[in-house]
Amino acid sequence: MDANFQFTVNQTQQGLTLLECLPLCIPYLQPNQCRSLLVSGGIKINSGVVFDDQLLKLEDVVSYTVPNYEEAPVDTRWRLLWENDEIAAVHKPANLPVSRTTRNVYNTLIQLLRRESSWPDAHLLHRLDLETSGVILIAKDNTQAKRFQPTLSSLMIRKIYHAIVHGEPSWQNLHHQSYLNTRKDSAIRCQMHPVKEGEGKLSETLFNVISSHNGYSIVECELLTGRKHQIRAHLSQLGHPIVGDKIYSQGGEFYLKRLDDALTQEDLHAWPTDHHMLHAYTVHLNNIWHQGGEPIVIRDTDYSKQWLAFCMMHGLSA
């Protein structure tokens, strides 16, 4: 396929030449391929075709088409949940990256939104892990991103997730807190571990068991702080890791085998799902657009087919 890309030059990119910047945007392209795009008229800056390398200025809009482009297939079925004139809330499917990864550059949530929505300069206001599905907030342009990103915590006043976990907790409601950080002795460098006070960031989550049956449970998880992998790390720490979590269940064996390219067909068949069962279910927004207005509650009930099938198989209901 011919893949169309666009980006707005930011402060890091300004002052670079076009041919210095492009390989950073698409790691698959070699410098000679970028130059071929340029001389063939495949690159535009501010809607005008350019044929010569040039310095990029802040807020320049660069667009280009890469012919015969291929990358790993992903679920691209994003959906609008709510919007006003400045921001929007959309559904992100599981296994759709929110932004560029080493495997996906074209089919990411932000690129899909820029191509398929009426917001060609859309920006993420926060992130969800690759395998996490659910509601995510988007600024409709760079101006709104600059406005809302620094004060996001005062806008997004509640964040509630649903998770399917191993086991049936002995507690119904729990306010869990611990200090989380990475550890140098961990085989998985991105994994968050409970550490002593002063060695990590205080992390707090409210948990409520919604349904339990047949050795599994659906747990509502409300973030009181927003640390990396917080819900996943906390549930693992409590002895109830999320189903399908490749880092925090079964000692991270699946993740480590994948790193070593040692996964077998038996490993793949034995793994319960192709994504972990964590879903960003509800966001409560401070209604700054109407003084004294009630908070805006945005729910995403679009669970993945695997989530619904797992619940049916094990007698769970949200």
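This text goes with the structure placed above it.
With respect to the nonpolar core
Right, on to step 1. L109, I164 and L285 are the most contacted members of the largest nonpolar core, which has 56 residues in total.
Right, on to step 2. When neighbours within four sequence positions are excluded, L109 is seen to be in contact with W78, V90, K92, L96, P97, V98, L124 and I136.

Comments concerning helix α1 (residues 18–25)
Given 3.6 residues to a turn, an α-helix orients residues that are three or four positions apart in the same direction.
Right, on to step 1. Regarding α1, the residues found buried are L18, L19, C21, L22 and C25. End-on view of α1: buried residues confined to an arc of 155°, all on one side of the axis.
Right, on to step 2. In this structure, the buried residues of α1 make contact with β1 (3–8), α2 (31–39), β2 (43–45) and β4 (61–66).

Digging into the sheet that holds β1
Right, on to step 1. Taken together, four strands build an open sheet; the order of strands is β1-β4-β2-β3 and the sheet is antiparallel. Of all strands in the sheet, those with a lone pairing partner are β1 and β3 (48–49), marking the two edges.
Right, on to step 2. Summarising the sheet, β1 and β4 pair through six bridges and their orientation is antiparallel. By the bridge assignment, A3 is partnered in β4 with V66.

Focus on the pairing of strand β5 (residues 79–83)
Right, on to step 1. Here β5 pairs with strand β6 (residues 87–92) via four bridges, running antiparallel. The residue of β6 that forms the bridge with R79 is H91.
Right, on to step 2. Hairpin remark: β5 followed by β6, antiparallel, with three residues in the connecting loop.

Some remarks on the side chain of H123
Right, on to step 1. Position of H123 among the secondary structure elements: in strand β7 (residues 123–124).
Right, on to step 2. Within polar-contact distance, the side chain of H123 engages the side chain of N142 at 3.3 Å.
Right, on to step 3. For H123, the residues in contact, after removing those within four places along its chain, are I110, R114, I138, A139, D141, N142 and A145.

A few points about the packing of aromatic side chains
Ring pairs (aromatic) are described by centroid distance and by the angle formed between their planes.
Right, on to step 1. Within the structure shown, the criterion is met by eleven aromatic pairs.
Right, on to step 2. Ring geometry for F148 versus W289: centroids 6.2 Å apart, planes at 45°, classification tilted. Highlighted residues: F148 in helix α4 (residues 142–148) and W289 in the loop between β14 (278–285) and β15 (296–299), separated in sequence by 141 residues.
Right, on to step 3. Accessibility expressed as a relative area gives 2% for F148, which makes it buried.
Right, on to step 4. On the basis of an interplanar angle of 35° and a centroid distance of 4.7 Å, the ring pair of F254 and W271 is categorised as tilted. A residue pair is termed long-range when its members are at least 10 positions apart, and F254 in helix α7 (residues 253–259) and W271 in the loop between α8 (265–270) and β14 qualify at 17 residues. Neither residue differs from the other here; F254 and W271 are each classed as buried.
Right, on to step 5. By the ring-pair criterion, three or more aromatic residues cluster together here, those being F5, F7, Y64 and Y106.
Right, on to step 6. The ring centre of Y106 lies 3.6 Å from the NZ or CZ of R115, which sits over that ring.

Description of the pattern of salt bridges
Right, on to step 1. Per the stated rule, a full pass over the model turns up 13 salt bridges.
Right, on to step 2. Residue D129 pairs with R232 through a salt bridge whose shortest N-O separation is 2.9 Å. With D129 in the loop between β7 and β8 (133–139) and R232 in helix α6 (residues 230–237), the pair connects residues that are 103 residues apart, well separated along the chain.
Right, on to step 3. When the shortest N-O distance is used, the salt bridge between K257 and E253 registers 3.7 Å. Here the residue K257 and the residue E253 both occupy positions in helix α7, the gap between them amounting to four residues, near one helical turn.

Basis of the calculations
Sequence positions are assigned chain by chain, starting from 1 and proceeding in written order. Reporting in this predicted model follows two pLDDT cut-offs: at least 70 for local features of residues, and 80 or more for side-chain atom pairs to be given and counted; totals over whole chains, interfaces and linings ignore these cut-offs and use all residues. Computation of side-chain values covers all heavy atoms of the structure but excludes hydrogens and water. Residue types Ala, Val, Leu, Ile, Met, Phe, Trp, Tyr and Cys, when buried and joined through side-chain atoms within 4.5 Å, form a set referred to as a nonpolar core. Each residue's exposure class comes from its accessible area (1.4 Å probe, protein chains only) as a fraction of the maximum for that residue type: buried when under 20%, exposed when over 50%, partly exposed otherwise. By the convention used here, residues are in contact when the closest approach between their heavy atoms is within 4.5 Å. Working definition: helices are DSSP H or I runs of at least four residues, strands are E runs of at least two. Numbering for both runs from the N terminus. An arc is given here, and it is the one of the directions from the helix axis to the C-beta atoms. Any two strands with at least two DSSP-identified bridges between them are counted as paired. Contacts described as polar in this section are N or O atom pairs within 3.5 Å, which, within protein, must combine one atom able to donate a hydrogen with one able to accept it, while residues neighboring in sequence count only if both atoms come from side chains. Under the pairing criterion, centres of Phe, Tyr and Trp rings, with the six-membered ring standing for Trp, must be within 6.5 Å; the plane angle then separates stacked pairs below 30 degrees from edge-to-face pairs above 60, leaving the rest tilted. Either the NZ atom of lysine or the CZ atom of arginine qualifies as a charge over a ring when it sits within 6 Å of the ring centre and within 35 degrees of the ring normal. Here, a salt bridge means any Lys or Arg side-chain nitrogen found within 4 Å of an Asp or Glu carboxyl oxygen.

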